Amino acid sequence: MKENIILYIDNQEVKADKGQTILEAARNAKIYIPTLCHHEDLCIAGNCRVCVVEIEGKNKLEASCATPVENNMRISTLSPKVRNARKDIVSMLVSEHNTQCTTCYRNTNCELQDLAFEYNVDNNVYISLVDHKYHIDKSSWSIEKDPSKCVRCQRCVRTCSELQHVNALTVAHKGEHMEIQTFMDLPLNEVVCTNCGQCVIHCPTGALTERRYYDEVWEALGDPEKHVVINTAPSVRVALGETQGMPAGTLVTGKMVAALKKMGFNSVLDTDFTADLTIMEEGTELLMRLKKALVDKENVALPMITSCSPGWVKYIEHMYSDKLAHLSSCKSPQQMFGAMAKTYYAAKIGVDPKDIYVVAGMPCAAKKYEANRVEMKSSGFQDVDAGLTTRELGHMIKSAGIDFKELEDGQFDSLMGVSSGAGDIFAATGGVMEAALRTAYEIVTGREVPFKNLNILPVRGLESIKETSIKFENCLPEWSFLNGVEAKFAVTHGLKNAKVIMDMIVAGECPYIFVEIMACPGGCIGGGGQPIPTNNEIRKKRMEAIYREDAGKKLRKSHENPEIIQIYNDFLGKPLGELSHKLLHTKYRPRNRY
Amino acid sequence: MKKVDIIFSEYTCEPYAVFKKIMKREKLEIIQELIQSGLRGRGGAGFPTGLKWKAANLTESDQKYFICNADEGEPGTFKDREILTKVPRKVFIGMGVGAYVTGASKGILYLRGEYKFMVAELNKEIELFHKICKELNFDFQVEIFLGSGAYVCGEETALIESIEGQRGEPRNKPPYPTQAGLFGKPTIVNNVETLVSAMMVCNMGAEEYQKLGTSDQRGSKLFSVSGDTSKPGVHELELGLNVADFVEEYGDGDTKAVQVGGVAGFCVPRKDFEKAIIGQGSTTGGSTMLFNSTRSMYRVLINYLEFFAEESCGQCTPCRIGTQQLLKGLKAVKNGTRPPEYLDQLIKLTNTMKIASKCGLGQSVGNSFASIVQNFREEMIY
């Protein structure tokens, strides 16, 4: 039902569709209206009142984010009445906010700071309401919560409930005591929180941040006894540029490697390599499950679901703890990397594993938690010592005084630095599925996956649940039991959508044999550790960049990666072999629902 | 000033005879009668009742809800409590007629949590009311929903959120409840007294009802009188009365100020008694508090502000922070940490709150603040 509406914003004629808000109409017409509680990903709140505008014929101002357009509306976004009210509102928000900006992690990347600047707010108009006895919750491995910086926009609350269906954060109390709390105000590490960090990238200020580990990393880098290796996740290379003032979707693989080398990492390696390794293990695991189900007629859990996303893993451990058998037993690429670095890599370069310090550069908050899981010590040491977000990496680059934009491209170091395009696309939702199918189909049939240029387009993009199916025919003798099987696959992202799939499984109505689930909307390119802001437009640009990276590579299938072939020859033996089992696979544990 | 006795008048005929009589009339005729009567909502916002019913009548839906707002929480207001204990039947008749006119099949009496003691008696009346509805072949069921004590839940959309099991926070409007209210269905929310008045209009006719009041405000209404008065309690008075007459009747001879319309209303100082009409422009919630010269208006205002800072739902900036700033700022002026001129900054702030807050709560806080600070400035400073 499209009905054209004409309205006038600041005397400019603007066309809009019925049902659009004034804010949407204004943005389409490139008219700026400031916002704070509004976020494209989330439902309308209309709480902060920063976006108020004047509508002719009305005495009260209206929140443009929440008011639908009407024909012939005449709107002013800049009248003195509007500007005075906005200035008052921002002044009030500042009075409630801990304005120690110089010590804040979000300094220079804070929406309240920008508004205070735009409206020339005098800090002294109102009396500070900050309670200086506030407590910063640092209990979680992943997320820190500083209530003194909260502006009560409820973006985190809406994120946690609408995007993730987790509801770790909620609004408590009312009036002057109103604040954002966990259940019973318990520490974050004691409540049902998946550590996905979506609250962090939706927070306009420094109230929710990732727990930072860069000081530990700088320490390690300065320690001559330590051999410090870093592995960078595929999605970091398409987002890191944003932290250095480059436009979204800039591919900075080479510059990133160069910067990390400058910072003093002994070896700069690629998580893409272990992404390829994951495909070998996970693809084989899937085929073995199918064999057990179809040939041995055993009762195995199908669909198998990916386990690369630690936010998703914790979600299923809490919410569907009786369905853990569906999870692939494979560790995530980060953890495979850690385990390989302190065994295979250590032996190859002749360094005692106790002196190896493994850093992971990730788009993720949950990866920090994952690195600290008790299961993740299969090398005999903590496999990954420190997890950094893309934002922290960006911070370290600035802190090192590196002129990022001017850097010459560097090359990943060898041994666990070579990767295929299949490893790259792990960055985007659908990537693991696509990479797995490229390899699994070829193992089974000896032929390339039947999609043009290996691009499995049905599983790409931001649609909430994506499906594809493949019919196996003329399989190699070992896999002949798959002849004629039409296998269905699904991909989803965002825990709200994960719930849909899980409920299908609970109801016994899940038609898929393999499902990819990522905790964050868009997959890792929209991860909780990515640069702020992140919205669909930016997700798309990062996504396009990663598919460009894949398309530009000669090597596009995990099983053809020479370093992968080498690691099996020299060390692991074969996928799902004894060593793989010990080092690359893990177990999950049921957790409380509440 | 004319005292009236309509609302609490005794039941004179068999139970629900009036209801049966009204239910024989055409829906549109009833709506027309209400519009003509000029009856406005008695909860405080003063929206014309007939128009609200008409809007709900015009909205098509498989399900509509009719809610009676008995979340009486305005400080100094206790009229709905009186109605519900003395003449609950009139309330249910009002609900029944409203449901009939608007096409609602489910009714909810949203009762203030502190009024739990009434539940047993009210349920007895509801049982009888259901029996009558059945007799009339009229599909309408009423149940009681107990509030949990938040003042803001008196705001109709916050009330709806509260029934849905959410935090009691006002919604963005539009859509208005008559378009999409409880569980997204068209919903009519009327104050207790409004329903009784609506029933009275239907019973006595708009023409008769119109004889009461002024062109601006028709009919009579209940006033909760408290404070420094010799006659505290609920009194039914013809609308359009001026404050001087009111003080003459209810004051203790030393009245220096009257708070009209509860803490969200205005404070009228002695010099304005003659010209001030109670509830000018729209009707009021009906809370009237009298203060004599022994009272500190500073303490009175601090008390109001502490109430608002506590009872704001906290979601929108102007209300959540504004109420705290008014409270802290007033204290700062009193104790000398801010200059007296800071009061003007605070009055400017009340203007922002009035035009930019999300709901009536934040929008009306400035009324009492500005009127008290402007009229009793010395008391605020010294």
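J.: Just checking my understanding: could you explain the overall build of chain B for this structure?
T.: Counting its secondary structure elements, chain B contains 15 helices and 9 strands. Over its C-alpha trace chain B gives a radius of gyration of 21 Å, about what one expects of a compact globule, namely 21 Å for 382 residues. Projected onto its principal axes, the C-alpha positions of chain B cover 70 × 45 × 35 Å. A separation of at least 24 residues holds for 71% of the contacts in chain B among residues at least 6 apart in sequence.

J.: Can you help me understand the interface of chain B and chain A in this one?
T.: Quite often, the size of an interface is put as the accessible area lost when its parts meet. If you look at the interface, chain B gives 29 residues, while chain A gives 29 residues. Breaking the side of chain B that touches chain A down by element, the ones donating at least two residues are α11 (297–311), α12 (317–334) and α13 (342–356) of chain B. For the side of chain B that touches chain A, the leading source of residues is α12 of chain B, giving 11 residues. Of the residues contributing to the side of chain B that touches chain A, the split by class is 11 nonpolar, 12 polar and 6 charged.

J.: Before we go on, may I ask you to explain the sheet that holds strand β16 (residues 486–493) of chain A in this structure?
T.: Backbone-to-backbone hydrogen bonds join strands into a sheet, with any given pair of strands oriented parallel or antiparallel. Residue and element names in this part refer to chain A. Spatially, β12-β17-β16-β15 is the arrangement adopted by the 4 strands of the open sheet, whose pairing is mixed. Looking at the sheet topology across the chains shown, the edges are occupied by β12 (304–305) and β15 (465–471). Note that β15 and β16 share 7 bridges and pair antiparallel. From the neighbouring strand, Lys-466 faces β16, where its bridge partner is Val-491.

J.: Even after reading the chapter, I still don't get the domain arrangement of chain A, so can you show me in this structure?
T.: Residue and element names in this part refer to chain A. On domain assignment, one finds that chain A holds domain 1 (4–78), domain 2 (92–210) and domain 3 (220–273 + 334–406). Computed from C-alpha coordinates alone, the two centres of domain 1 and domain 2 are separated by 26 Å. With 11 residues of domain 1 at the contact, the number on the domain 2 side is 13 residues. Of the residues that constitute the side of domain 1 that touches domain 2, the class distribution is 8 nonpolar, 2 polar and 1 charged.

J.: Looking at this structure, I do not really get the confidence of the model for chain B. What am I missing?
T.: Regions with low pLDDT should not have their predicted coordinates read in detail. Predicted confidence across chain B gives a mean pLDDT of 94, with 98% of residues reaching 70 or more. Model confidence for the complex is summarised by a pTM of 0.94, with the ipTM given as 0.94.

J.: Explain the domain arrangement of chain B to me, please; I cannot follow it from the model alone.
T.: Residues and elements named next belong to chain B. We note that the domain assignment places domain 1 (17–210) and domain 2 (297–381) within chain B. Distance from the C-alpha centre of domain 1 to the C-alpha centre of domain 2: 33 Å. Facing the 10 residues of domain 1 at the interface are 8 residues of domain 2.

J.: So what exactly am I meant to see when it comes to the packing of helix α2 (residues 27–37) of chain B against helix α3 (residues 49–58) of chain B here?
T.: Between two packed helices, what matters for the description is the angle formed by their axes and the separation of those axes. Residue and element names in this part refer to chain B. At a closest axis distance of 7 Å, the pairing of α2 and α3 adopts a crossing angle of 150°. As the angle between them shows, α2 and α3 are arranged roughly antiparallel. Crossing of α2 against α3: the hand is left-handed. Between α2 and α3, the contacting residues are Lys-27, Ile-31, Leu-34 and Ile-35 on the first element and Thr-49, Gly-50, Leu-51, Trp-53, Lys-54 and Asn-57 on the second. For the contact of α2 with α3, the class distribution of residues is 5 nonpolar, 3 polar and 2 charged.

J.: Would you mind showing me how to read α13 of chain B here?
T.: Between its terminal C-alpha atoms α13 of chain B stretches 21 Å, which fits the 21 Å expected from 15 residues at 1.5 Å a residue. Within α13 of chain B, the full set of buried residues consists of Leu-343, Leu-346, Leu-349, Thr-350, Thr-352, Met-353, Lys-354, Ile-355 and Ala-356 of chain B. The inward-facing, buried residues of α13 of chain B contact β3 (52–55) and α2 (80–96) of chain A together with α12, α14 (360–375) and α15 (377–381) of chain B.

J.: Can you walk me through the sheet that holds strand β2 (residues 106–111) of chain B in this structure?
T.: All names here are of chain B. Reading across from one edge, β3-β2-β1-β4 is the order of the 4 strands in this open sheet, with parallel pairing throughout. At either end of the open sheet lies a strand with only one pairing partner, and these are β3 (141–146) and β4 (187–191). Averaged over all neighbouring strand pairs, the angle between strand axes comes to 20°, with direction disregarded. Direction of pairing for strand β1 (residues 65–70) relative to β2: parallel, over a ladder of 6 bridges. Across the sheet, the residue bridging to Phe-66 is Gly-107, located in β2.

Reading guide: rules and limits
- Residues numbered from 1 in each chain as written.
- Chains lettered and ligands numbered in written order.
- Predicted model: local features only at pLDDT ≥ 70, side-chain atom pairs only at ≥ 80, totals over all residues.
- Helix = DSSP H or I, 4+ residues; strand = E, 2+ residues; numbered from the N terminus.
- Rg over C-alpha atoms; globule rule 2.2 N^0.38 Å.
- Contact = placed C-beta atoms within 7 Å.
- Nonpolar A, V, L, I, M, F, W, Y, C, P; charged D, E, K, R; others polar.
- Pairing = 2+ DSSP bridges.
- Domains from an automatic or database assignment.
- pLDDT = per-residue confidence, 0-100.
- Axes fitted to C-alpha atoms, helices over the stretch in contact; angles between N-to-C directions.
- Parallel < 35°, antiparallel > 145°, perpendicular 65-115°, else oblique.
- Left-handed = near helix turned anticlockwise from the far one by under 90°.
- Expected span 1.5 Å × (residues − 1).
- Buried ≥ 20, exposed ≤ 12 C-beta atoms within 10 Å, placed from the backbone.

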